[in-house]
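Each chain, written out:
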Amino acid sequence: MTAAVAGGASESGTFDFIDMTLLYGGDGPEDPSVQVEYLAPGGSASVWSSSLGAKIVAADWSLDGVELCLSYPPETIGPSQTNTLVMCEQTAIIAERVLDSARGDIFRLSERSETPVELTPDVRSLEDVTKLLDGR
C-alpha cells in the first residue's frame with residue numbers, strides 16, 4: 001500500500017497520518033456520519049464529527065504497533081461518559097476509510113471548540129467541507 005493519497009501505513013510500515021487533516025465517511029450505507037480529524041505532531045487530535053453535535057472534540061492519539069488509538073477524556077464526549085474512552089483501529093483499515101486528506105490543520109480544528117457548520121452526509125472531499133465553510 002502506498003501513502004500518496006491518504007496517508008496511512010506506507011510500504012515501509014511507518015505511520016504517516018501525523019500533521020494531517022483526514023476526512024472519513026460512515027461505516028457503510030447505514031451510517032451517514034462524516035468526520036474530519038486533525039492529528040497533530042506530539043499526540044493531540046481534534047475531531048469534528050457529524051455524530052458529536054456542534055463541538056470539536058479534543059483527544060490524544062497514540063500508535064501501538066499497527067493500531068492508532070484515540071483517547072477521549074470523559075468531559076469531551078458527554079455527561080453520561082465517566083471514563084476515558086479509548087478507540088483503536090488498525091492503520092491499514094483507517095487508510096481504507098479515509099476519503100480525502102491534506103497536510104496540516106487546514107480547518108484550524110485545533111484552535112476551535114465549536115463546529116463552524118454542520119457536516120452533511122453528502123460531504124465526500126475536503127473541497128466539499130471548504131464549500132460548506134464558504135456557504136456555497
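You'll find the structure just up there.
Nothing here was measured: the structure is a model prediction, and the numbers come from that model.

Quick word on the packing of aromatic side chains
In total, this model carries 1 aromatic pair according to the counting rule given. Plain terms: the ring middles of Trp48 and Phe107 are 6.4 Å apart, the flat faces sit at 85° to each other, and that makes the pair edge-to-face. Separated by 59 residues along the polypeptide, Trp48 in strand 3 (residues 44-49) and Phe107 in the loop between strand 7 (98-103) and helix 3 (126-134) bring together distant segments of the chain. As far as the burial class goes, Trp48 and Phe107 line up, both buried.

Some words on the pattern of salt bridges
Under the criterion given, the structure shown has 2 salt bridges. Residue Glu111 pairs with Arg108 through a salt bridge whose shortest N-O separation is 3.1 Å. Among the residues examined, Glu111 registers a relative accessible area of 60% and is labelled exposed. In this structure Arg108 comes out as partly exposed when scored by relative accessible area, which is 44%. Among the salt bridges present, the one from Lys131 reaches Glu127, with a minimum N-O distance of 3.7 Å. Placement of the pair is Lys131 and Glu127 together in helix 3, with a separation of 4 residues, close to one helical turn. Using a relative accessible area of 31% as the deciding quantity, one classes Lys131 as partly exposed. Taking the relative accessible area as the measure of exposure, Glu127 reaches 52% and is therefore exposed.

With respect to the state of the cysteines
For the coordinates displayed, the defined rule picks out 1 disulfide. Paired by a disulfide, Cys69 and Cys88 hold their sulfur atoms 2.0 Å apart. Here Cys69 and Cys88 share a disulfide; its torsion about the S-S bond, 110°, makes the bridge right-handed. Of the two residues, Cys69 sits in strand 5 (residues 67-72) while Cys88 sits in strand 6 (residues 85-90), which places them 19 residues apart along the sequence. With relative accessibility at 7%, the residue Cys69 sits in the buried group. Given the relative accessible area of 36%, Cys88 is considered partly exposed.

Notes on the side chain of Ser46
Looking at the element boundaries, Ser46 is found in strand 3. Ser46 sits in the buried class, given a relative accessible area of 8%. Once residues lying within four places of it in the same chain are set aside, the contact partners of Ser46 are Val36, Glu37, Tyr38, Ile56, Val57, Leu109 and Ser110.

What about the environment of Gln35?
Position of Gln35 among the secondary structure elements: in strand 2 (residues 34-39). Apart from residues no more than four positions distant in its own chain, Gln35 is found in contact with Leu22, Leu23, Tyr24, Val47, Trp48, Ser49 and Leu119. Here Glu37 takes part through its side chain, which lies 2.6 Å from a polar atom of the side chain of Gln35.

Scoring rules and cut-offs
Residues numbered from 1 in each chain as written. Predicted model: local features only at pLDDT ≥ 70, side-chain atom pairs only at ≥ 80, totals over all residues. Heavy atoms only, no water. Phe/Tyr/Trp six-rings, centres within 6.5 Å; stacked < 30°, edge-to-face > 60°. Helix = DSSP H or I, 4+ residues; strand = E, 2+ residues; numbered from the N terminus. Buried < 20%, exposed > 50% of the residue type's maximum accessible area, 1.4 Å probe, protein only. Salt bridge = Lys/Arg side-chain N within 4 Å of Asp/Glu carboxyl O. Disulfide = S-S within 2.5 Å. Contact = heavy atoms within 4.5 Å. Polar contact = N/O pair within 3.5 Å; in protein donor to acceptor, adjacent residues only side chain to side chain.

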